[in-house]
Structures are given as C-alpha cells and as structure tokens.
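# Secondary and tertiary structure notes
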Amino acid sequence: MRDLREMWEIGGLVEDQNKDKVADRVNIWFDLNGEIHPEGLIDFCARLGFETTSLSFDFLLQNNRYSNKLSFVKNDIETSVEWDLNHFLVRYQNEEEVSALLRFLAGSWHRSFVSGVVPIQKIKLNENEIFIEAKDGNMTVIPVEALQKTTSEKSYQIDSLIEVWNELGFMHSDQASPANNHNVNFLTEDSLEHHSWIEIYYGASRIGMESTALIFPITARNEPNALKFHFEPGDAKDARIQLDGNIIQFTGAGKSLTNAISYFFREKHWSSDGHFGCWERQFKKLDNKEESLFHITWNDEGEIQELYDKLGEWGEYVKDKKDLNINVFISEPNAIRNDMKRNIENSFPQAKVSIRSAFKPGYFWLIEEVLPSLLKLRKHIGSISINCLKEERADGLELPIRWIQELYPVDEVMAQELQIDSSFIDFKLCEVMDLDATYEVIVNDIQGNQLYQNQIAIPVSKVPYVEEGKHSYPTTAYFSIYEGSKQIVQHFIQTDRERFYTFYTEHILSELWGKSDHSSEEAGFLRPLFDRIEINVEMSEEELKLPVGEERISSLEALHEDLYFNTLDYFLIKGEQTVGKGYTAAGGVYPFIKVKEGIKPKAEITAYQWLDKTREAILTEQLLFNSGQRTPIEVKYRLGKERDLIKEDISDYVQVEKIPEDLPLPKKAQFHAWVADYSYRNKPIYVYEVFADIKETYYSAIKLTANKPTVLIETGHHANEVSSMPAIAELIDEIKEKYPDIIKNMNLVIIPRANPDGSELHKRMIADNPEWKHHAARYNAVGLEYSDVRYKDTIFGEGNVVPKIMNRWAPDIVIDNHGIPSHEWTQPFAGYHIPPRFHMSYWIPNAMIYGIARMLNKKTYPEHSAVLDSIMHGVQQRVKQSNIQDMNKYWMGRYKKYGNQFMPKLFPIELVEELIFYKWPTKTDTSSRDAISRFPEWVSADLISEAADETVYGEALEICKEAQKLFNLGSIEWINSEEQEVYRNYDLEDIRVERLRPLKVPVISENLS
Ligand SMILES: [Zn+2]
C-alpha cells in the first residue's frame, strides 16, 4: 500500500518531469468508462491542477504517460480510497458519497492533515464522517460538517467572457500581484452528457492550475460572491455560453453543449496562438488615417556661394596688394575645401590661401596643419601640450571645456600617426589672460626643450537657443584677408547648417506650435501635440569615419541631433511658459538627412496632425455553438462607449498572427511566445517565456512564479540602442546550452523588441546614414517615451506590455536593456555639448557597459539592498572575466581625460568595485511607472543596463551584445531557487501556495580550510 499522505506531492499524483523540483504535469489517468460522473471529481481535478504548473487534457482516458491509474469500483459496503502500487482505487456506494469523499481529498487533504508520520493507507467516508486509517491501525475520524469552509469576501465583476481566459491567465485582477486567488463554483446537472463532464473536469483542472489560492469545495456550494460556471443541458439545438453577472451559463443540447464547454475550457487565448476571443483582436488595432498640417520647402544659395560673392566684391580692393593671406573657414568636406583652395588661388595668385573646416576646426587644424610638421619631429617628441581657451560667455550653453571637447578624439588620431601613446598628449584649460588664441600647441622634447609651437583663433557665431536668453556659439564660416600681418578684411558667413537651423527655429517651430493640437489635458504629456514632423535635408558637409573605435566626424549627424532634441526642448520650454509644465511628448521628430558633396543646401518639411484615435472596448457576452464544429458560429458583443450590441457570424473566423521574420528568435531553447499588445502603428509586440522545458499543452505563469523566481528582461526599449535585441535571443540559447542551472532556478520573461515602431523608424533612418546615433528613433512612432503611459488607459500598446507582464508573472527582477552613444554626441546649436535637459553628460561613452539601479531606502528595505549587492557583484564578476573589462577601463580613461577631470559633477563616476553602477534613490509610490517603486513588496530589483551601442554593426555590435549578455547573466545567475521559501497553506479558508518575497540572497559560507 502506498502512503496517501504523498498523494498531492511530486512522486504522487503530480510529477516533476524536467527535474527542477517543481511539479510540471499530472501523473495519473482516470478510468471513467462513462458509467460514473461524480460531481466531486470536479473538485479532485481542480486540486490536481492546483498542484502542478503545467498540464495537458489527456488524463481522463487511458494514457501511458502517467504511471498512476484511478478507477471507480462500485461497492456495496463502503466508499473509500486506497493506493496500491500504481492503482488509485476508489470504491463507492453511490455518486453522492463518492463526491463527498473526493471533495474531502481535494479540499482538505494534505501530508500533515493528521499528525504523525505513519503512512495512511485508507480513507473512507461513512455516514458523513471521514475515517483516516493509518498503517499502525490508528484511526482519525472527522465529521464532514467540520470541513465546511467559511464564506469568501472575494467577488467578481466580469464584463466580458474573454476576461475569464485572457493574455494574463485565468481571471487575473486589475492589480498586478503574485497571488491569483479564486472562489469558483461549478453548478452541474445529472443529465449532462459524458463528454460534457469530461470537458468540465478538464476545465476545473486548468482553473486549479491557474490559481495560487483556491477555495474548496468548488461543487456543492453556491455562494453569491463566487464566479459560477453553470452547466444546464436543455433543448435548444444550438448551445450558448452567456455571461450573466458573475455567472457563466452554458446551455443547450447534447453535442452542441459539449462543443461550447470544450471550447471555453480548452481553447487558448488568441494572443497565444489560440482561437479564444480572436474576434476581439481586430479592435486592438488603430486606424491608419493621417492628415498633413503643413508642407514647406527651403532652398538657399549656400555658404560657398556667399563666400565667393564676398571675395569677388573684395577682389577689386585687394588686387594690387602684395603679401596677402586669405584665411577661410567653411563647413565643407576636405575634397570641396581643396577645390575651393584652387579656385581662390586662381583668382588671387598673389595670395597664400588656407581653407579650414568650420566644423571642429581645432581638430582639423591639428590634423591637417600641425601634424605634418610634427611627423618630421616625431623621434624627438617628449610631450604635446594643447592649451585650450576656457569658454566663459555668460549667455552661452557651451561648457568651459567646449574647446577641449571640439578636439575630441584628436589625441588618439595624432598618437596613431606619431606612433606614441596618447597619454603623451594632454589638454590644458587656459584663462583668456593666459592665451591670446583659441588653441596653442606646444611640443617639447624629452628634456623639456620646446620643439614646436603654433596657435590658432577660431571664429564663432551667435545663435539663439530655443530657450529665450540662451545662446550657442557654434564655430562658423568666415574669411579674413591679411596684408602682411595686418588684417584688412574680415567677414562672417553663416554655415549651411546654421542657415537651415535658423530658418527651422524661426519659422517651422512656431508654425508647428501654432498648428499643434493642444485641446486635451493629456496633450503633450500622455499623447503628442502633433503626429510627427518629417524634416528632409540635403547638404554638403564633412562626413568622416575616424580610425578610432566608432568615432566619426559628421556635422550633419550633429544637425540631426540638434533638430531632434532642440525641437523637444522648444516644446518643453513652451509648455513651461504656457501650461506651467514642460511638454514631454511633442510628437515624432524625424530628421532625414542626406549628405551630398558639393550641392546647395535644401530642405523639405512636412508636419502631420495629431488625430485622436480610440481603441474600441469590446465586451463579449454570448457565444453560440452548433453540434458540427468546435469553434463558435456566432458571437454577441458590446462595442465602444455606447455599448451597442453587435451580432457577428464568426463560423469561418481564423486566427493568424505570425512572428515577424526580423524578430530575433532563439534557435535552440524552448520558448513560448505571445502577443502582449499592438504598437501605435499596429505592430505586434511579442513576449517570450523561457522556463524549464515542458511537454504540456497548458502552463500557468503565475503558478510558475509562485514556485520559482521570475526575471523580466526588456530589450529594444529605445530603438536606436541596437544591441539588446539580438543579444537576448542568443543569450536564451546560451543559457540553455551553457548555464542550464539558470533555468532550473528561475523563469525568464523576455520582451524581444519592446518598441517595434521605433525600430521601424530606425530602419528608415539608417538607410541613409547607417552609423549615426539616431536618437530621433529612440521613442515610439509619435515621439512618446512610452514608459510614461504605463499603467494608464492608453492607445499606445507599447506602454501596456510591461504592466501586463507584471500582472501575468509578478517578476522579482526587472531589467531594462538600454544603450548610450557609441561615439561622440555633439550639438553645435545646443552649446556643442548635449542638450541642457540632461544633468549628466552622455557626450562621449563612459563605459562599454555600465549599470543603473533604482534603489529603495536601505534602512527600510535591507533585503532589497542585499539583492542589489548580489546583482552588482555578479555583474562585476562577469565583466571582470571578459575583455569588456579593458574596454571599460579605456572608456573610463577617456571620460576622465576629456570630462571628469575638469567637471566631475557633470561627468560623474560611481564605482562598484571597478564597474560603473549608478544608484538612483527611489521612493515607493503606488502610482509609479517603475516596478520597484510601484510594487516594493514583491519586486526585488529594478535595473537598467547601458551599452555603447548607438548605432553599431559588425565587431562593435558583437562587443555590445556580449556586454548586454554579461550584464543580464551577472544580474541573475546568483539566484538560487532552493534558497527561496515556497509556503503552502491548507486551512479552512482555502488552499494556497506562495513564495516569500523579496528574493533571498545565498548565504555565503566561508571556507575556513
Ligand atoms: Zn535608452
């Protein structure tokens, strides 16, 4: 005889097939023979489902997968259960009594129901008393009445049949929680057909599996508050499922009714590739209407033409003068500048002509003019000091170090050419009294004797910033003519970039503001003011890839960033001035810029209006079934605010949603994909779920997480940060192959591409300029940081994905993979540095990978703090063992040399061991969009990774992917499921399973040997 104490445990009627110490299937089949349909078997099946995390609907018929068999044998003497070898034998006198016994086993029985450890070999029901018979002959007797459960407070408000089984699971409440507690009643009638009973039993098992607490019994009880499933055979040929308050009514005749019950309990939700509710899918998408706000074209003669015109005007004046020097700064690539030099020399044969770049002029001066001289001195060089003027204009946005910044990364380029270490080249910041130029370069030999000296003054113009009273002083086009050492002519010329930028800020921005839709309170915050503005620009400018990492010199990339961020800043500031609060979501700002050598500048600008769109609420109330097909033939639902009742023939409805081909997919690991929502532009947003392999049809996310920790990793949040999406698909496979313990210890939930509209925009932008940063593609289609609308009633589906996962999985750790520029980010029209909205510099990378943690108060949340320590240590260990460590060191050195040593507050370094890990103090707040702030009781850590991946390919992309993987691995691999406490409770309230939160960190045992 087997011990009945073990029946609800692994090794009993449930099994752990994948050996992770969590039950993942049932291990019994039921021999029903069509003769007996005890109502209590509904309870028994619900409990069977409750004790596992996944199951299939194949245990109500003979099945070799399962080692135990349950059979009912009519017996005149007793109603009892015994478990002999693999045979679970239920003797019964009548259906009523066996139901009572099954209800007892389902709702009350567990290992410690009776004290002691002596095996229990028989349980029987006699005259409303339960007799529990131990092997030693001891008998415990309990009156069935004593097992009556208390009534529950839990009540249900159901608006749609589809709410019962949706993308979150079974009847999750609106509030995310690790608990999914239920109070369901099944009301049946004896006249139900055999096949209907089978489907009901299966349904109960699926509900049990999806519940983390369940009130028993679920039959023979009709409680007003409970969610009720009422099965009522009738005469109607077509069966129907009708929502009626908190009652789901199944009525109809024979086969039709079986079809209805079967569909309701078997079919998966449409978001998981099922049919259930698929007629609702069409209403999750938005229409694609669009309307233009304005269209404006811009043409200009350009800076070169103006230069030639002015030189022509002065030509007459200087034509007889000797010893002339013509110095030109112009924002053109080297090839164009060389052409111009020849042209001007032809017109002014008596002059010495120099034509310099008006973009990063100091850099080009050092490379094009100083370096050739230094190459001749190469062997003697001991040090190169570059004195840079301190920038001090009070109304300028430039940093004091702007002239040093404008040289970046000249030390590396010169060092390569001179074959010296870049540490031989250093920058000094000089007060105006100590330096009568913008730059001075002094080269000494090893003994400290001066070998070379040169200096240059750089012209700037003054351009108003989008905030009144603030200006930028970008380097500009210019020419001067010297006669000997005497300057006789000087003329400033706007660069093509400045011409267009000025036109844009003076005419376009005000037009855009004026025509924006400010009509709702949400405008500019939770929804944009305009749909988007497309700015198509063509110009001739410097576009140069440098032999240093991902560095490049691109004045149009700079313009791209200026157009994007300064437009956002304009609306931020205008909002402050008009509604007292800065607008954060102006609209999509799409600069499409083409670099075309030698052309005159031109632009075309089209703005599109914001059009209010709604996602019609759809509430399914009734489904109709015939006897011929499994799926419903007709649906009745209410639509929209008016709640019009609509009847639709859905007999031919098929459900298709294919995973997009370009979505990164794991190749080896088992994963489960579902559509969490649709983006604003109607692209499906997928979620992958990875956990210990199962072979079952159904699994419960919330039950899996009740047994093991769960980690959520979001990738591609900002779409121009490109490494996390391909990295995660690879990491899933690597975990499967190299780190199987991770999947033993936790469940992983992955958003493989969180922002598909942003990704689509990024794709369009890289078509013209593959290696630019493209910040304009970081947000969603209409320029919204979609995490701002999380937990809000929004039409932006991308904002719903994390809230849905928080509800479906209640994850312990939330990781958001991000990125930073892979190369210099400069905005000449915002003070050369990045825009003033950022309180920390992202001008050059500070690391190949670094971390950020939202951190709760250490004293109030010491356990969270211990989790964070484990994470930071874990990431540090991973990075330390890789070549990323050296890259981090390299970037730290660069960040110090160019920024931190001069301005430590703007260029902060916060180290954990050797890794940068910023900690953002976070308060708890039930309305927060951040996981740890909103759910501090059960979220243990909330992290952000930052890899230098805007926008990289090839080897650089591989490195960033590796960095993201190391961060994700290091953050989670310390988690040990065996350290976590899973708590089970069986009392008069309900049966319950829950895992204690927050996560427990492993106890490190000191090895003293
Ligand atoms: Zn980001």
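Numbering of residues starts from 1 in every chain and runs along the sequence as written. Local features in this predicted model are restricted to residues of pLDDT 70 or higher, and side-chain atom pairs are both shown and tallied only at a pLDDT of 80 or more, whereas totals for entire chains, interfaces and linings draw on every residue. Excluding hydrogens and water, the side-chain figures rest on all heavy atoms present in the structure.

### Overview of the overall build of the protein chain
- Strands are runs of DSSP state E lasting at least 2 residues, helices are runs of H or I lasting at least 4, and numbering of each runs from the N terminus. Tallying secondary structure elements over the protein chain gives 20 helices and 49 strands in all.
- Counting only C-alpha atoms and orienting by the principal axes, one finds that the protein chain spans roughly 130 × 75 × 45 Å.
- Relative accessible area decides the class of each residue, using a 1.4 Å probe on protein chains only: under 20% of the type maximum gives buried, over 50% gives exposed, and in between gives partly exposed. Considering the protein chain as a whole, with its 1009 residues, one finds that 63% of them fall into the buried category.
- For the protein chain, the exposed area adds up to about 39,000 Å²; of that, 47% sits on carbon and sulfur atoms.
- Under the convention used here, Asp and Glu are negative, Lys and Arg are positive, and both His and the chain ends fall outside the count. Here the site of a charge means NZ on Lys, CZ on Arg, CG on Asp, or CD on Glu. Computing the positive centroid from 112 side-chain charges and the negative centroid from 159, the protein chain places the two 2 Å apart. Only the protein chains shown count as cover for residues, and all accessible areas are computed by the Shrake-Rupley method using a 1.4 Å probe.

### Considerations on the nonpolar core
- For the purposes of this section, nonpolar cores are sets of buried Ala, Val, Leu, Ile, Met, Phe, Trp, Tyr and Cys residues that join through side-chain atoms within 4.5 Å. In terms of nonpolar packing, the biggest core is built from 278 residues, with Phe229 and Phe500 touching the most fellow members.
- Take this core: its biggest share by element is 10 residues, from helix α11 (residues 555-578).
- Leave out the neighbours within four places in its chain, and phenylalanine 500 touches Trp298, Ile535, Val537, Met539, Leu559, Leu563, Ala603 and Ile605.
- Judged by nonpolar contacts, the second largest core, of 29 residues, contains Ile702, Leu712, Trp809 and Phe935. The criterion used for residue contact is that any of the two residues' heavy atoms lie within 4.5 Å.

### Some details on the coordination of the zinc ion
- In this description, a donor is an N, O or S atom within 2.8 Å of the metal centre, a cutoff extended to 3.2 Å for sodium, potassium and calcium. Water is not part of the atom list, which can make sites seem incomplete. Every protein donor of the zinc ion is accounted for by His718 (ND1), Glu721 (OE), Glu721 (OE) and His818 (ND1), and the metal-donor separations fall at 2.0 to 2.3 Å.
- Here the zinc ion binds four donor atoms, and the angle range of 57 to 152° at the metal identifies the geometry as irregular.
- Mapping the donors of the zinc ion onto the primary sequence yields the spacing H-x2-E-x96-H. Remark: histidine 818 occurs in strand β43 (residues 813-821) and glutamate 721 occurs in the loop between β41 (710-714) and α13 (724-738); sequence separation between them is 97 residues.
- Of the residues examined, glutamate 721 reaches a relative accessible area of 5% and is grouped as buried. In these descriptions, tetrahedral denotes four donors with every angle between 85 and 135 degrees, square planar four donors and octahedral six donors with opposite donors over 155 degrees apart and the rest between 65 and 115, and irregular any other case.

### Observations concerning the side chain of arginine 221
- With respect to the helices and strands, arginine 221 occurs in the loop between β15 (213-214) and β16 (227-233).
- Relative accessible area serves as the criterion here: at 12%, arginine 221 is assigned to the buried category.
- A distance of 3.0 Å separates the side chain of arginine 221 from the side chain of asparagine 183, its partner in a polar contact.
- Every residue in contact with arginine 221, bar those within four places of it in the chain, is listed here: Asn183, Val184, Asn185, Leu187 and Ile215. What qualifies as a polar contact is a pair of N or O atoms within 3.5 Å, subject to a donor-acceptor requirement within protein and to the restriction that residues adjacent in sequence count only when both atoms come from side chains.

### Considering the layout of surface pockets
- Using only the protein atoms, space was sampled on a 1 Å grid; points where a 1.4 Å probe fits but cannot get out form cavities, open sets with protein on both sides within 12 Å along at least five of seven lines form pockets, and lining residues are those with an atom within 4 Å of a point. Grid points are joined across faces, edges and corners, and a volume is the space filled by probe spheres set on the points. Computed from the structure, the second largest pocket encloses a volume of approximately 1,000 Å³.
- Looking at the lining of the second largest pocket element by element, the count peaks at six residues for β43.
- Amino acids are sorted into nonpolar (Ala, Val, Leu, Ile, Met, Phe, Trp, Tyr, Cys and Pro), charged (Asp, Glu, Lys and Arg) and polar (every other residue, Gly among them). Residues that form the lining of the second largest pocket fall into these classes: 15 nonpolar, eight polar and 14 charged.

### Here we look at α11
- Between the first and last C-alpha of α11 there are 33 Å, a value that for 24 residues agrees with the 34 Å anticipated at 1.5 Å per step.
- In terms of burial, α11 is largely enclosed, as 19 of its 24 residues are buried.
- At the C-terminal side of α11, glycine 580 shows a positive phi close to 80°. Take the residue count of a helix, subtract one, and multiply by 1.5 Å to get its expected span.

### Examining the sheet that holds strand β21 (residues 351-357)
- One open sheet accounts for four strands, arranged β21-β20-β28-β29; its pairing is mixed. The strands lining the two open edges of the sheet, one partner per strand, are β21 and β29 (486-493). With strand direction ignored, the average angle separating the axes of adjacent strands in the sheet is 10°.
- Strands pair, by our definition, only if DSSP identifies at least two bridges between them. Inspection of the sheet shows strand β20 (residues 324-330) paired to β21 by seven bridges, in the parallel sense. Paired with asparagine 327 across the strands is serine 354, a residue of β21.
- To obtain an axis, a line is fitted to C-alpha atoms, over the contacting stretch when the element is a helix, and the angle between two such axes runs from 0 to 180 degrees between their N-to-C directions. Contacts from helix α6 (residues 334-347) reach β20 and β21, with the element oriented near 160° to β21.

### Examining the side chain of threonine 606
- Mapping threonine 606 onto the fold places it in strand β34 (residues 602-608).
- Taking relative accessible area as the criterion, threonine 606 reaches 13% and is therefore assigned buried.
- Those residues within four positions of threonine 606 in sequence are excluded, and the remaining contacts are Ser292, Phe294, His295, Arg532, Ile533 and Glu534.

### Here's the deal with the environment of alanine 776
- Summarising the element assignment, alanine 776 is placed in the loop between α15 (756-768) and α16 (801-809).
- On a C-alpha basis, the gap between alanine 776 and tyrosine 564 in space is 5.9 Å, while along the polypeptide they are 212 residues apart.
- For alanine 776, the contacting residues outside a window of four places in its chain are His560, Tyr564, Val589, Pro591, Leu761 and Met765.

### Examining unusual backbone geometry
- In this chain, glutamate 950 is followed by threonine 951 through a cis amide linkage whose omega measures -20°.
- Following the sequence through the fold, threonine 951 ends up in the loop between β47 (941-950) and α20 (954-972).
- Within the chain, tyrosine 832 stands out as a residue other than glycine whose phi angle is a positive 65°.
- On the secondary structure map, tyrosine 832 appears in the loop between β43 and β44 (849-855).
- Of the residues examined, tyrosine 832 reaches a relative accessible area of 3% and is grouped as buried.

### Considerations on the pattern of salt bridges
- Each reported salt bridge corresponds to a side-chain nitrogen of Lys or Arg within 4 Å of a carboxyl oxygen of Asp or Glu. Scanning the entire structure with this criterion turns up 84 salt bridges.
- Lysine 602 serves as the salt-bridge partner of glutamate 538, at 3.9 Å between the closest nitrogen and oxygen. Here the residue glutamate 538 occupies a position in strand β30 (residues 532-539), and lysine 602 occupies one in strand β34, the gap between them amounting to 64 residues.
- Residue glutamate 538 is classed as buried on the basis of its relative accessible area of 19%.
- For lysine 602, a relative accessible area of 37% corresponds to the partly exposed category.
- Salt bridges sharing partners connect three or more residues here, namely Glu290, Asp531, Arg532, Glu534, Arg681 and Arg764.

### A few points about the sheet that holds strand β22 (residues 381-389)
- Reading across the sheet, the four strands line up as β23-β22-β24-β25 and stay open at both edges, with mixed pairing between neighbours. Both edges of this open sheet fall to β23 (425-430) and β25 (450-456), since each of them pairs with a single strand only. Shown here is a sheet whose adjacent strand axes are inclined to one another by a mean of 15°, direction ignored.
- With seven bridges connecting them, β22 and strand β24 (residues 439-445) associate as antiparallel partners. Of the residues in β24, the one forming a bridge with asparagine 387 is glutamate 440.
- Where helix α9 (residues 410-418) meets the sheet, its contacts fall on β22 and β23, and the angle it forms with β23 comes to roughly 145°.

### Remarks on the pairing of strand β37 (residues 644-649)
- Where strand β36 (residues 634-639) and β37 come together, six bridges link them in antiparallel fashion. Residue pairing for β37: valine 635 is matched across the bridge by glutamate 648.

### Thoughts on the packing of aromatic side chains
- The pairing test for Phe, Tyr and Trp rings, Trp by its six-membered ring, is centres within 6.5 Å, and the orientation test on the planes gives stacked under 30 degrees, edge-to-face over 60, and tilted for anything in between. In the structure shown here, the tally under the stated rule is 68 aromatic pairs.
- On the numbers, 5.1 Å between centres and 40° between planes, the contact of tyrosine 680 with phenylalanine 796 is tilted. Residue tyrosine 680 is found in the loop between β38 (672-678) and β39 (684-690), and its partner phenylalanine 796 is found in the loop between α15 and α16; the two are separated by 116 residues along the sequence.
- Taking the relative accessible area as the measure of exposure, tyrosine 680 reaches 2% and is therefore buried.

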